[in-house]
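# Commentary on secondary and tertiary structure
In case you want the letters, here they are:
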Amino acid sequence: MIEKKYLKTKPECKVKFALPADKVGTAKSVAVVGDFNNWDCTANPMKKQKSGVFASTLSLEVNAAYQFRYVLDGIQWLNDDMADDYVPSPISYDNNGVISL
């Protein structure tokens, strides 16, 4: 799930990335990775909420598109069903999600 909240005072958008409990399964850690953090699995860990949803909110510049994915337990890669688009990954046969701001 992706929620976008555009700021009126800055050219930024607060983007909330969230993965529901049924997508996370038994994973202990979830991170959102992408162009915005050089695909670093440790840069933006998501926090587990009481409902079991893992979520993280990032401030991203507007007028840009970012490729991203989720990483569960450092090994399993997932796309978000709510991504604005999907493009082929330059390093695997998978697709990366795209968020356009």
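Scroll up to find the structure.
Quick look at the structure, then. For clarity, every value in this text was computed on a predicted model and none was experimentally measured. (Residues numbered from 1 in each chain as written. Predicted model: local features only at pLDDT ≥ 70, side-chain atom pairs only at ≥ 80, totals over all residues. Heavy atoms only, no water.)

## Structural notes on the overall build of the protein
Just so we agree on the cut-off: Each helix corresponds to a stretch of at least 4 residues labelled H or I by DSSP, and each strand to a stretch of at least 2 residues labelled E; elements are numbered beginning at the N terminus. To get the radius of gyration, use the C-alpha atoms; to get the globule rule, take the number of residues to the power 0.38 and multiply by 2.2 Å. Exposure categories follow from relative accessible area, calculated using a 1.4 Å probe and restricted to protein chains: below 20% of the type maximum is buried, above 50% is exposed, and the middle band is partly exposed. In short, Shrake-Rupley with a 1.4 Å probe defines the accessible areas, and a residue's cover is counted only from the protein chains shown. His residues and chain termini do not enter the charge count, which takes Lys and Arg as positive and Asp and Glu as negative. For this purpose, a charge sits on NZ of Lys, CZ of Arg, CG of Asp or CD of Glu.
Scanning the protein from terminus to terminus reveals one helix and nine strands. Taken against the 2.2 N^0.38 rule, which gives 13 Å for 101 residues, the C-alpha radius of gyration of the protein at 13 Å falls within 12% of a compact globule. A principal-axis box enclosing the C-alpha atoms of the protein has dimensions of 40 × 35 × 20 Å. Here the protein holds 101 residues, and 38% of them are scored as buried. In the form shown here, the protein has an accessible surface area of approximately 6,300 Å², with 51% of it arising from carbon and sulfur atoms. One finds the centroid of the 12 positive side-chain charges in the protein at a distance of 10 Å from the centroid of its 12 negative side-chain charges.

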